[in-house]
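# A structural walkthrough
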There are 2 protein chains.
Amino acid sequence: MKPDSPNGAHSYCGAAREILTIIGAKWAVLVVSLLDEKPRRFSELKREIGDITQKSLTSVLRELEKDGIIERVVTPTVPPRVDYSLTELGRSLLVPIKALRLWAMENHPAVVAARERFEVKTAA
Amino acid sequence: MKPDSPNGAHSYCGAAREILTIIGAKWAVLVVSLLDEKPRRFSELKREIGDITQKSLTSVLRELEKDGIIERVVTPTVPPRVDYSLTELGRSLLVPIKALRLWAMENHPAVVAARERFEVKTAA
DNA sequence: CCGTATCATGAAGGTGCCGTCTTGCGCCTT
DNA sequence: AAGGCGCAAGACGGCACCTTCATGATACGG
């Protein structure tokens, strides 16, 4: 997601969008949610998500690490072992994420219905 | 933002991402926030946001209308007048949006600090 | 010795969002 | 008759994200 320049009158929206650039990444919410349950290894994450490629997983994890959301611990055994876990900051991020999930679950039907109404209306 | 296929074990994350495809649009949060203060005309929104193009504004508004977040009322005067306002669904969306904004304002410094630490660490 | 397991990186291509520019429409003012 | 105003939509290009495919490093088991 692309960064923004802050908006004058409503700069807090710029702040909101900054976090959206974090959790807006395709797999970010899922990864954070999984790491909330318990810390996991790279390969565990990959296996449980299933549809993700190594490349993409590496990429999300890097981003989240960069932003201080998760911690990356390398154990230099062979083969290497890499463990990921949420930081304190990451756990605090679960608050808005859960708000998001709640709204989504409660209102998903309403959104779908609205889209159908819109289809009908614009078909005319 | 691109849609997803639901993930088996954590389908609620798919739901969360659906809403992210809504408010993840570059100007969506700002537009919804402005319409929360009061209903506004197209040209008002454009003027107050400032940096947005007509094309982009039209585009966000269409999307939000499609998803049932905002309502669009055309008054066929000349020149035409178009008023936008939040629906009930849209107002409910403010709950997660505000959670997002709050987190962003509280933790923006921590994120910036983490990024700097990351820079230093990877430079080595 | 060679394959394998674990994690990471790089190039290349598709796709969708967003911005710029242009066009259109409908009636008013000048 | 010409141009402006308020809103929308089209073609077009850039850019970021995501995916696919290929490669690499390392040391253990067979």
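Everything in this summary refers to the structure shown in the same document.

Definitions and limits used
- Residues numbered from 1 in each chain as written.
- Chains lettered and ligands numbered in written order.
- Predicted model: local features only at pLDDT ≥ 70, side-chain atom pairs only at ≥ 80, totals over all residues.
- Heavy atoms only, no water.
- Helix = DSSP H or I, 4+ residues; strand = E, 2+ residues; numbered from the N terminus.
- Rg over C-alpha atoms; globule rule 2.2 N^0.38 Å.
- Buried < 20%, exposed > 50% of the residue type's maximum accessible area, 1.4 Å probe, protein only.
- Contact = heavy atoms within 4.5 Å.
- Areas by Shrake-Rupley, 256 points an atom, 1.4 Å probe, with all protein chains shown as cover.
- Near = heavy atom within 4 Å.
- Polar contact = N/O pair within 3.5 Å; in protein donor to acceptor, adjacent residues only side chain to side chain.
- Nonpolar A, V, L, I, M, F, W, Y, C, P; charged D, E, K, R; others polar.
- Buried area = accessible area lost by both parts, 1.4 Å probe.
- Salt bridge = Lys/Arg side-chain N within 4 Å of Asp/Glu carboxyl O.
- Least-squares fit on C-alpha atoms with pLDDT ≥ 70 in both.

## Observations regarding the overall build of chain A
A tally of regular secondary structure across chain A gives 5 helices and 3 strands. Listing each helix as α and each strand as β along chain A from the N terminus yields α-α-β-α-α-β-β-α. For chain A, the C-alpha radius of gyration of 18 Å lies well beyond 14 Å, the compact-globule estimate for 124 residues. For chain A, the spread of C-alpha atoms along the principal axes amounts to about 65 × 35 × 25 Å. Per-residue burial over chain A gives 44% buried out of 124 residues. Counted over contacts in chain A with a minimum sequence separation of 6, partners at least 24 positions apart contribute 40%. Surface summary for chain A: the accessible area is close to 6,600 Å², and the carbon and sulfur share equals 56%.

## Remarks on the environment of Ile69 of chain B
Structurally, Ile69 of chain B is set in the loop between α4 (54-66) and β2 (70-75). Contact partners of Ile69 of chain B, with chain neighbours within four places excluded, come to Trp103 of chain A together with Ile22, Val32, Leu64, Ser85, Leu86, Thr87, Leu89, Gly90 and Leu93 of chain B.

## Examining the protein's contact with DNA strand D
The environment of DNA strand D is formed by 23 residues, the closest being Met1, Lys26 and Ser56 of chain A together with Ser43 and Arg72 of chain B. Backbone sugar and phosphate groups make up 71% of those atoms of DNA strand D lying within 4 Å of the protein. At 3.3 Å from a phosphate oxygen of DNA strand D is found a side-chain nitrogen or oxygen belonging to Trp27 of chain A. Tallying contributions element by element places α4 of chain B first for the surface near DNA strand D, with 4 residues. Here the surface near DNA strand D is composed, by residue class, of 9 nonpolar, 5 polar and 9 charged.

## Quick look at the protein's contact with DNA strand C
Neighbouring residues of DNA strand C: 23 residues in total, closest Ser43 and Arg72 of chain A together with Lys26, Ser56 and Val78 of chain B. Counting only the atoms of DNA strand C within 4 Å of the protein, the fraction contributed by sugar and phosphate is 69%. Between DNA strand C and Ser43 of chain A, the relevant distance is 2.6 Å, taken from a phosphate oxygen to a side-chain nitrogen or oxygen of the residue. For DNA strand C, a phosphate oxygen lies 3.2 Å from a polar atom in the backbone of Val82 of chain A. Counting only elements with at least two residues in the surface near DNA strand C, the list comes to α3 (42-49), α4 (54-66) and β3 (81-86) of chain A together with α4 of chain B. Here the surface near DNA strand C takes 4 residues from α4 of chain A, the largest share from any one element. Considered class by class, the residues forming the surface near DNA strand C number 9 nonpolar, 5 polar and 9 charged.

## Digging into the interface of chain A and chain B
Between chain A and chain B, the contact holds 50 residues from the first and 49 residues from the second. For the pair chain A and chain B, the summed buried surface comes to about 4,400 Å²; carbon and sulfur atoms form 70% of the total. The tally of links between chain A and chain B comes to 4 salt bridges. A salt bridge links Arg115 of chain B to Asp67 of chain A; the nearest nitrogen and oxygen atoms lie 2.4 Å apart. The interface formed by chain A and chain B holds 16 residue pairs in polar contact (both at pLDDT 80 or more) in total. For the side of chain A that touches chain B, the secondary structure elements donating two or more residues are α1 (11-23), α2 (28-37), α3, α4 and α5 (88-123) of chain A.

## What about the relation of the copies chain A and chain B?
Superposing the two chain copies requires a rotation about an axis and a translation along that axis. Superposing chain A onto chain B requires a rotation of 180° together with a translation of 0.0 Å along the rotation axis, leaving an RMSD of 0.0 Å. When the rotation and shift are considered jointly, the pair of chain copies conforms to a two-fold rotation axis. In this assembly, 98% of the residues forming the interface of chain A have copies in chain B that are likewise at the interface, indicating an isologous arrangement.

## Quick look at the pattern of salt bridges
Under the definition given, this model contains 16 salt bridges over all chains. Glu63 of chain A is the salt-bridge partner of Lys66 of chain A, the closest N and O atoms lying 3.1 Å from each other. With a gap of 3 residues between them, Lys66 of chain A and Glu63 of chain A both fall in helix α4, about one helical turn apart. Given a relative accessible area of 25%, Lys66 of chain A falls into the partly exposed group. The partner of Asp83 of chain A in a salt bridge is Arg81 of chain A, with the nearest N and O atoms 2.9 Å apart. The class of Arg81 of chain A is partly exposed, set by a relative accessible area of 33%. A single salt-bridge network, built from bridges that share partners, covers Glu18 and Asp67 of chain A together with Arg115 of chain B.

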